[in-house]
Amino acid sequence: MGFINWVKNHIVSSFAIVAGVAAISVSAANFASHRGKYDDYLKDYEKNKEELKLKVPQLPNSVGIVDNFVTYGEDEISSSKSTYKNNYLYFATDATVAPLSKDVAEEIKKLDESDNSKLNNYITSLDRFGGAITFKIDAETAGYADIAIEMRTNWKNDKGEYLPYENITDQIKIQINKLDVKTEELELPAERDSFTTLVLKGTWLLEGNNTLTITSSAYNPYKSDSNKVLYVVPDIRNVAVITDATVNLVHK
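Residues numbered from 1 in each chain as written. Predicted model: local features only at pLDDT ≥ 70, side-chain atom pairs only at ≥ 80, totals over all residues. Heavy atoms only, no water.

Trainee: How should the overall build of the protein chain be read in this particular structure?
Mentor: In terms of regular secondary structure, the protein chain is built from one helix and 15 strands. Taken across its 252 residues, the protein chain has 40% of its residues classed as buried. When contacts within the protein chain are restricted to residue pairs at least 6 apart in sequence, long-range pairs at least 24 apart make up 76% of them. (Helix = DSSP H or I, 4+ residues; strand = E, 2+ residues; numbered from the N terminus. Buried < 20%, exposed > 50% of the residue type's maximum accessible area, 1.4 Å probe, protein only. Contact = heavy atoms within 4.5 Å.)

Shown next as structure tokens:
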């Protein structure tokens with residue numbers, strides 16, 4: 001009987017061991033299966049997140065003043081410091097301007113009265129009653145772009161002297177696809193003989209309509225009988241878009 005009991009006990013123990021090993025194997029298999037599904041979920045999540053990110057507006061990677069960022073020819077871009085290859089040029093006359101007063105609105109003036117080129121034109125006088133200047137960028141395909149805005153001060157003190165903007169977005173609002181672009185200690189000089197290039201680097205262009213808007217926001221503190229300007233708004237000559245996207249550009 002002792003031998004029979006010993007055999008029975010070892011059979012039970014062996015069965016328990018085998019059952020335990022089987023259970024561990026099943027648990028390991030289930031863990032591996034769940035782990036694989038979780039890894040697949042993470043991959044899909046990251047993919048969907050990146051795809052969604054490309055469908056929503058984003059701020060530029062950086063904002064700076066870059067001298068000679070764009071070299072212009074006769075109403076065209078000859079070259080640029082951008083790494084992107086496609087370039088598009090928006091003139092002052094391509095902008096949509098929404099003045100706060102239709103009676104005292106913007107003006108399109110010439111730098112040289114004898115020059116009929118489109119790059120000779122600039123938007124001015126919107127500072128008298130304020131308003132918004134919008135450039136519409138219609139992208140056939142989405143992609144990154146460097147956007148260069150050519151501007152100069154049109155701000156005078158009560159002595160008639162031109163003033164710099166110590167920090168540009170302290171005086172005006174700049175938006176890309178309705179997102180506020182902020183500058184940090186970027187000065188628009190009191191220089192009137194040339195335009196300053198503000199570059200929005202690494203700006204994501206959505207497929208379809210994109211808007212670059214410059215809006216009056218700061219009141220002009222200098223008042224006199226000859227200077228009844230209410231806001232601070234710079235002269236805007238043109239906007240250059242250098243991009244890896246394809247843009248549908250139709251001039252007005």
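Back to the text.
Trainee: Even after reading the chapter, I still don't get the pairing of strand β14 (residues 235-243), so can you show me in this structure?
Mentor: Note on strand geometry: in a regular strand, side chains alternate between the two faces of the sheet. The buried fraction of β14 amounts to nine of the nine residues, a majority that puts the element mostly inside the structure. Summarising the sheet, strand β4 (residues 86-91) and β14 pair through six bridges and their orientation is antiparallel. From the neighbouring strand, Y90 faces β14, where its bridge partner is V239. Across eight bridges, strand β9 (residues 143-152) lies against β14 in antiparallel orientation. Within β14, the residue paired with M151 across the bridge is I236. (Pairing = 2+ DSSP bridges.)

Trainee: Can you walk me through the pattern of salt bridges in this structure?
Mentor: Counted according to the given criterion, the structure contains three salt bridges. Across the pair D235 and R152 runs a salt bridge, and its minimum N-O distance is 3.0 Å. Here D235, found in strand β14, pairs with R152, found in strand β9; they are 83 residues apart in sequence, far enough to count as distant. The class of R152 is buried, set by a relative accessible area of 8%. The structure contains a network of salt bridges with shared partners spanning R152, R192 and D235. (Salt bridge = Lys/Arg side-chain N within 4 Å of Asp/Glu carboxyl O.)

Trainee: Mind showing me how you'd approach the side chain of D235 here?
Mentor: Taking the relative accessible area as the measure of exposure, D235 reaches 0% and is therefore buried. Of note is the side chain of D235, whose polar atom sits 2.6 Å from the side chain of T124. Polar contacts involving the side chain of D235 include one to the side chain of R192, which spans 2.8 Å. In contact with D235, other than residues within four places in its own chain, are Y122, I123, T124, E150, M151, R152, T153, N154, R192 and F195. (Polar contact = N/O pair within 3.5 Å; in protein donor to acceptor, adjacent residues only side chain to side chain.)

Trainee: What exactly am I supposed to notice about the packing of aromatic side chains here?
Mentor: By convention here, two paired aromatic rings are described through the distance between centres and the angle between planes. Inspection of every chain in the model, using the stated rule, returns five aromatic pairs. Between the aromatic rings of W155 and Y222, the centroid separation amounts to 6.2 Å while the plane-to-plane angle is 55 degrees, which identifies the pairing as tilted. Linking W155 in the loop between β9 and β10 (172-176) with Y222 in the loop between β13 (208-216) and β14, this pair joins segments that are 67 residues apart in sequence. Taking the relative accessible area as the measure of exposure, W155 reaches 12% and is therefore buried. Over the aromatic face of Y72 sits the side chain of R237, whose NZ or CZ is 5.1 Å from the ring centroid. (Phe/Tyr/Trp six-rings, centres within 6.5 Å; stacked < 30°, edge-to-face > 60°. Lys NZ or Arg CZ within 6 Å of the ring centre and 35° of its normal.)

Trainee: What is the right way to look at a nonpolar patch on the surface in this model?
Mentor: Together, L100, F129 and L230 give the surface a local cluster of nonpolar side chains, amounting to about 260 Å² of exposed area. Within the secondary structure, L100 sits in the loop between β5 (96-99) and β6 (107-110). Classification of L100 as exposed rests on a relative accessible area of 58%. (Patch = residues over 30% accessible without salt bridge, like charges linked within 9 Å, V, L, I, M, F, W, Y side chains within 5 Å. Areas by Shrake-Rupley, 256 points an atom, 1.4 Å probe, with all protein chains shown as cover.)

Trainee: What is the right way to read the nonpolar core from this model?
Mentor: For soluble globular proteins, the rule of thumb is that nonpolar side chains tend to be buried together. Core analysis: the largest hydrophobic core is formed by 36 residues, its most contacted members being I147, L212 and V241. If you list the elements that add at least two residues to this core, you get β4, β8 (131-139), β9, β10, β12 (196-205), β13 and β14. Those residues in contact with V241 that lie beyond four places of it in its chain are N86, N87, Y88, Y90, I137, A145, D146, I147 and L205. Counting eleven residues, the second largest nonpolar core, distinct from the first, contains V66, V70, L119 and A148. (Core = buried A, V, L, I, M, F, W, Y, C linked by side-chain atoms within 4.5 Å.)

Any functional reading would require information that these geometric values do not contain.
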